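Analysis of the macromolecular model
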Protein chains: 2
Amino acid sequence: MLTEERRALILNRLQSDGKIVAAELGPDLGVSIDTIRRDLQELANAGLARRVHGGALPPTSGALPYAARRAHAPAAKAAIARATAKLLHDGQVVLLDGGTTTLEVARHLAPGLRATVVTNSPEIASVLADHSTVEVALLGGLLDKASRVVVGAAIIEALRSIRADVLVLGICSIHPEVGITVDELEESYVKRAMIANAAEVVAVASADKLGSAAQYVIAPVSELTHLVTDEPDADMAPYRALGVEVVLA
Amino acid sequence: MLTEERRALILNRLQSDGKIVAAELGPDLGVSIDTIRRDLQELANAGLARRVHGGALPPTSGALPYAARRAHAPAAKAAIARATAKLLHDGQVVLLDGGTTTLEVARHLAPGLRATVVTNSPEIASVLADHSTVEVALLGGLLDKASRVVVGAAIIEALRSIRADVLVLGICSIHPEVGITVDELEESYVKRAMIANAAEVVAVASADKLGSAAQYVIAPVSELTHLVTDEPDADMAPYRALGVEVVLA
DNA sequence: CGGCCTTGTGCATGCTTGTGCTTGAATAGG
DNA sequence: CCTATTCAAGCACAAGCATGCACAAGGCCG
């Protein structure tokens with residue numbers, strides 16, 4: 001069996017089982033456990049798996065319950081949110097995507113900002129109801145309970161009539177070659193429609209999202225105008241090479 | 001089973017049961033109680049659970065703002081909400097108006113209720129995202145910051161395409177002769193459109209709303225099919241005379 | 001063809017992590 | 001105040017890990 005072939009099999013198995021246990025996969029594929037470990041290491045580097053003690057799990061934290069994602073790396077998210085808020089100006093129409101990091105962006109908007117915020121997240125709308133100067137518009141449709149954003153045909157239709165100056169896009173997984181990906185189909189439609197209707201696209205991604213990939217591709221990285229992240233030492237050159245302005249929080 | 005996997009299971013269980021008892025979870029997952037304890041410790045460190053003697057509880061739900069209004073007569077609102085929830089059944093399309101009392105209704109929906117809830121309140125949508133069996137649809141439009149509901153032309157248009165089995169209507173002021181009134185124009189349009197598109201109309205009103213009137217008239221009391229309230233000794237005869245079924249919480 | 005390099009693999013080596021057990025302290029409830 | 005749980009800390013063992021090394025297979029170039 002060829003190496004690449006074996007790795008493809010591991011990925012298949014990861015997707016069907018939802019997990020990989022290194023010890024039981026070795027004998028199964030006829031190689032030593034060390035080789036499996038090296039494979040998992042490679043797949044983790046490519047963002048296709050998340051390495052844990054004893055094996056590997058799917059790369060996205062999207063499968064986790066909502067509360068878990070919200071509590072994940074709160075300091076990093078706040079820093080990213082502050083940096084992102086500085087990119088928004090008076091008079092703009094801001095399309096604010098749902099997600100735990102973008103929720104922080106909503107919390108950190110400049111107090112006197114006079115902008116119109118359009119969002120698909122009920123929680124962001126709740127937060128911005130306390131902001132005295134921004135206009136808030138909520139996009140309607142079906143609520144996806146896992147990601148807590150509005151999806152479905154209605155919102156795609158509603159997005160058609162909106163031309164936003166800037167989109168703040170929450171990122172599940174981003175990879176220089178694969179592009180921006182999510183692990184749910186409906187969400188991918190919504191994010192794609194948002195990108196299509198915004199002049200600038202600012203992606204917010206905590207460091208653990210960088211270099212990972214999920215099932216559904218939304219767009220290539222080159223569609224972004226800005227990428228706000230908190231990784232101090234990651235190699236951001238591949239993103240810059242694609243024309244993205246990288247902002248370190 | 002991988003460690004991370006086990007912790008995810010514990011989180012799921014915490015969310016579904018509302019609590020974790022360490023002693024009964026150990027044998028269930030096939031590990032010792034010490035391991036469960038360590039897991040709970042980790043989850044508590046991550047802010048995903050609150051450690052208590054004997055197990056764990058969900059982390060303190062973030063106290064949302066405008067607690068002032070919500071703190072107003074909470075016991076009465078909860079009682080009204082429970083009584084209202086009993087009027088809703090599987091298979092119905094429920095139009096759930098925004099408001100502090102209707103928010104309590106959302107909180108008190110029967111856990112296994114299989115209904116579709118359509119709402120104009122982002123906060124109600126947030127609450128129902130945690131309900132496992134109801135479908136949630138959010139009506140889009142401009143957000144009114146004072147009342148925290150969606151208003152405007154867009155929602156009136158969206159309501160046109162909805163035929164609800166039952167509307168749960170939040171009441172600001174209700175008077176047997178003047179009818180149902182609110183003090184904001186935009187809100188009145190929305191409530192009127194909701195009433196027009198629902199087969200049954202259940203109004204929820206704490207006792208202090210009874211017999212008062214505000215600036216903008218929405219509809220006569222006779223449009224209601226039910227009125228849920230908590231006043232034990234008020235004279236409800238005028239409402240009954242208008243064909244409204246009065247439910248005392 | 002032969003030498004050399006690269007690549008992939010398996011194995012041996014300490015080292016780290018996760019787990020169960022024991023012990024003594026802390027806590028809840030009568 | 002007393003008793004039964006529950007907890008925290010420490011210990012020991014097993015599983016998992018990174019690292020370095022050796023060997024085999026294949027490719028490249030002179």
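Everything here concerns the structure above.
Keep in mind the model is a prediction, meaning the values are calculated, not measured.

Residue-level contacts link 30 residues of chain A with 30 residues of chain B. Only β3 (55-57), α4 (66-71), α7 (122-128), β6 (135-138) and β7 (141-144) of chain A provide two or more residues apiece to the side of chain A that touches chain B. With four residues, α7 of chain A is the single largest residue contributor to the side of chain A that touches chain B. Direction of pairing for β6 of chain A relative to strand β7 (residues 141-144) of chain B: antiparallel, over a ladder of two bridges. Each residue of the ladder has a partner; that of Leu138 of chain A, found in β7 of chain B, is Gly141 of chain B.

Neighbouring DNA strand D are the residues Ala22, Ala23, Asp34, Arg37, His53 and Gly54 of chain A together with Ala22, Ala23, Asp34, Arg37, His53 and Gly54 of chain B. Within the residue set of the surface near DNA strand D, elements represented by two or more residues are α2 (22-29) and α3 (33-45) of chain A together with α2 (22-29) and α3 (33-45) of chain B.

Time to look at the pairing of β7 of chain B. Residue and element names in this part refer to chain B. Examined bridge by bridge, β7 and strand β8 (residues 149-151) share three bridges and lie antiparallel to one another. If you follow Leu142 over to β8, its bridge partner there is Val151. With antiparallel pairing between neighbouring strands as the criterion, β7 and β8 make up a hairpin whose turn holds four residues, including Arg148 at a positive phi of roughly 60 degrees.

All names here are of chain B. Here we have three strands laid out as an open sheet, ordered β10-β11-β13, and antiparallel in their pairing. Looking at which strands have only one partner, the edges of the open sheet turn out to be β10 (173-175) and β13 (216-219). Looking at each pair of strands side by side, their axes are set apart by 35 degrees on average, direction ignored. Where β10 and strand β11 (residues 179-182) come together, three bridges link them in antiparallel fashion. Residue pairing in the sheet places Ile174 in a bridge with Ile180 of β11. Packing against the sheet, helix α9 (residues 185-196) makes contact with β11 and β13, and its axis sits at approximately 5 degrees to β13.

Turning next to α3 of chain A. All names here are of chain A. With 13 residues, α3 ought to run about 18 Å at 1.5 Å a step, and its terminal C-alpha atoms sit 18 Å apart, in line with that. Listed as buried for α3 are Ile36, Asp39, Leu40 and Leu43. Seen from one end, α3 has its buried residues packed into an arc of 100 degrees, which puts them on one side. Among the exposed residues of α3, those pointing more than 90 degrees away from its buried face are Asp34 and Asn45. Contact partners of the buried residues in α3: α1 (3-17), β1 (20-21), α2, β2 (50-52) and β3. Looking one or two residues past α3, Gly47 carries a phi angle of roughly 80 degrees, positive in sign.

Leu167 and Ala203 of chain A together with Leu167 and Ala203 of chain B are the most contacted members of the largest nonpolar core, which totals 130 residues. Ignoring anything within four residues of it in the chain, the contact list for Leu167 of chain B reads Leu95, Asp97, Met194, Ile195, Ala198, Glu200, Val201 and Val202 of chain B. One finds Ile10, Leu14, Ile36 and Leu48 of chain B within the second-largest nonpolar core, a separate group that totals twelve residues.

The rules behind these values
Residues numbered from 1 in each chain as written. Chains lettered and ligands numbered in written order. Predicted model: local features only at pLDDT ≥ 70, side-chain atom pairs only at ≥ 80, totals over all residues. Contact = placed C-beta atoms within 7 Å. Helix = DSSP H or I, 4+ residues; strand = E, 2+ residues; numbered from the N terminus. Pairing = 2+ DSSP bridges. Near = placed C-beta within 6 Å. Axes fitted to C-alpha atoms, helices over the stretch in contact; angles between N-to-C directions. Expected span 1.5 Å × (residues − 1). Buried ≥ 20, exposed ≤ 12 C-beta atoms within 10 Å, placed from the backbone. Arc of directions from axis to C-beta. Core = buried A, V, L, I, M, F, W, Y, C linked by C-beta atoms within 7 Å.

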